[in-house]
2 protein chains.
Amino acid sequence: MKQYPSILLENAVAEFSKLPGIGSKTALRLVLHLLRQSPAEVELFSHSIEQLKREVHYCQTCHNISDTAVCSICADPRRDRSMVCVVENVRDVMSIEATQQYDGLYHVLGGIISPIDGIGPHDIEIDSLISRIIPEQINEVIMALPTTMEGDTTAFYIYRKLSGLDVKVTTIARGVAVGNDLEYTDEVTLGRSIVNRMDFKG
Amino acid sequence: MKQYPSILLENAVAEFSKLPGIGSKTALRLVLHLLRQSPAEVELFSHSIEQLKREVHYCQTCHNISDTAVCSICADPRRDRSMVCVVENVRDVMSIEATQQYDGLYHVLGGIISPIDGIGPHDIEIDSLISRIIPEQINEVIMALPTTMEGDTTAFYIYRKLSGLDVKVTTIARGVAVGNDLEYTDEVTLGRSIVNRMDFKG
């Protein structure tokens, strides 16, 4: 057990250690790094996170992080407003946007159904998704949820909720990653990619 | 190149990305984690680092981080005041303290001589070390500096500066780590451990 030479240092290290994937050694390294910076730089650091927490908005339509009441994707008139891609969190939106292959809208659930963690359907943005379908005249809901038990449960729950509505439900393709060897692909993924094989486009 | 949905988010991620070993993906993960916490918890986080920066002291004797003008090690009457262990930074003090094998004093240089980085002997706490020797009646200076070109340069510089004074200069033992296989020990370490072999205590 290491002794910290200062309570203030120990407090700061304890706060950094609460971050995911940051142990006490890394936390100490980060805190000592900040301590070597100028007071102005440290203030810039701590203010950036305080300001974000205080002033950030979540888009009232899709619940993506935004600087305004409606996010830039929902506000963009060039997007295809007939389809909505359902994702777990903001990072997934950023990942899909980075592909530049999708020009529809999003719906950020803010989590997935997980009974073990006490997260039920009403703790995440499922009702608000269902209520978007008719007024926004959405034709297609694309599921881009994790391929875990929880992700599958959430997708199935949403699928059931959408069953009465005139909307097509699709899911993103799962298969062998581009450039990956079959040999090193896990069996579930390889199995799915054979079952869901597509017509060869020569 | 990923697009951030919010300038505030982008700013916070940019600030976290400045930390050593934190890339933009990890920074985003950390920032989104903080964003999920309560405002009080985020404030606790940002205040801990601001308070540390604002209120931390460096011990006026050994330059260790401290909550007071003189650190708890220098103020401890049970420590052996005849020897001083010279280290690069505060983390080294904590590592040596954690061994519970040393009860002397320390001197934290706050860096090492590195011409490439523009760090000369007067940018680090060497003069204050030399001026401690006579008034504090120090008999032994133990070098615990990194085994790099810069560490060796710094140790040699201090050794030369101490040469006129009646003080023993030693260095911590380098050798094969306890429990390590010889096979996986680097050649330089293994070489030093043979050259500096010790009498066998049966």
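Just above sits the structure.
The model shown is predicted, which means the values in this text are computed figures rather than measured ones. (Residues numbered from 1 in each chain as written. Chains lettered and ligands numbered in written order. Predicted model: local features only at pLDDT ≥ 70, side-chain atom pairs only at ≥ 80, totals over all residues. Heavy atoms only, no water.)

Concerning the side chain of Ser6 of chain A
Quick reminder of the rule: Only runs of H or I of at least four residues qualify as helices and only runs of E of at least two qualify as strands under DSSP, and these elements are numbered from the N terminus. Between two residues, a contact is recorded if the distance between any of their heavy atoms is within 4.5 Å.
Within the secondary structure layout, Ser6 of chain A lies in the segment before helix H1 (7-17). In this structure, Ser6 of chain A is in contact with Ile65, Ser66 and Asp67 of chain B, ignoring residues within four places of it in sequence.

Points about the pattern of salt bridges
Residues and elements named next belong to chain A. To be explicit about the condition: What counts as a salt bridge is simple: a side-chain nitrogen of Lys or Arg found within 4 Å of a carboxyl oxygen of Asp or Glu. Three exposure classes are used, based on accessible area relative to the maximum for each residue type with a 1.4 Å probe and protein chains only: buried under 20%, partly exposed in between, and exposed over 50%.
According to the stated counting rule, one finds 10 salt bridges over all chains in the structure shown. The shortest N-O distance in the salt bridge between Glu97 and Arg79 comes to 2.8 Å. Here Glu97 is found in helix H5 (residues 90-99), whereas its partner Arg79 is found in the loop between helix H4 (72-75) and strand S3 (83-87), with 18 residues between them in sequence. On the basis of relative accessibility, which here comes to 21%, the residue Glu97 falls in the partly exposed class.

A word on the environment of Thr68 of chain A
Residues and elements named next belong to chain A. Threshold: A 3.5 Å cut-off defines polar contacts: any pair of N or O atoms within that distance qualifies, except that in protein one atom must be a possible hydrogen donor and the other a possible acceptor, and neighbouring residues in sequence count only when both atoms are side-chain atoms.
Its location among the elements puts Thr68 in the loop between strand S2 (65-66) and H4. The exposure class of Thr68 is partly exposed, given its relative accessible area of 44%. Expressed as a C-alpha distance, the spacing of Thr68 and Thr171, which sit 103 residues apart in the sequence, is 29 Å. Within polar-contact distance, the side chain of Thr68 engages the backbone oxygen of Val70 at 2.8 Å.

Thoughts on the interface of chain A and chain B
Our working rule: Buried area is calculated as the accessible area (1.4 Å probe) missing from two parts once they are joined, with the contributions of both summed. Each residue gets one label: Ala, Val, Leu, Ile, Met, Phe, Trp, Tyr, Cys and Pro are nonpolar, Asp, Glu, Lys and Arg are charged, and the others, such as Gly, are polar.
Across the contact, 52 residues belong to chain A and 52 residues belong to chain B. Looking at the side of chain A facing chain B, the largest losses of area belong to Leu35, Lys53 and Met94 of chain A, adding up to 14% of the total buried there. Counting across the chain A and chain B interface gives zero salt bridges. Summed over the shared surface of chain A and chain B, the number is 12 residue pairs in polar contact (both at pLDDT 80 or more). Among the secondary structure elements, those contributing two or more residues to the side of chain A that touches chain B are H1, helix H2 (24-36), helix H3 (39-55), S2 and H5 of chain A. Per element, the largest residue contribution to the side of chain A that touches chain B is 15 residues, and it comes from H3 of chain A. For the side of chain A that touches chain B, the per-class residue count stands at 28 nonpolar, 13 polar and 11 charged.

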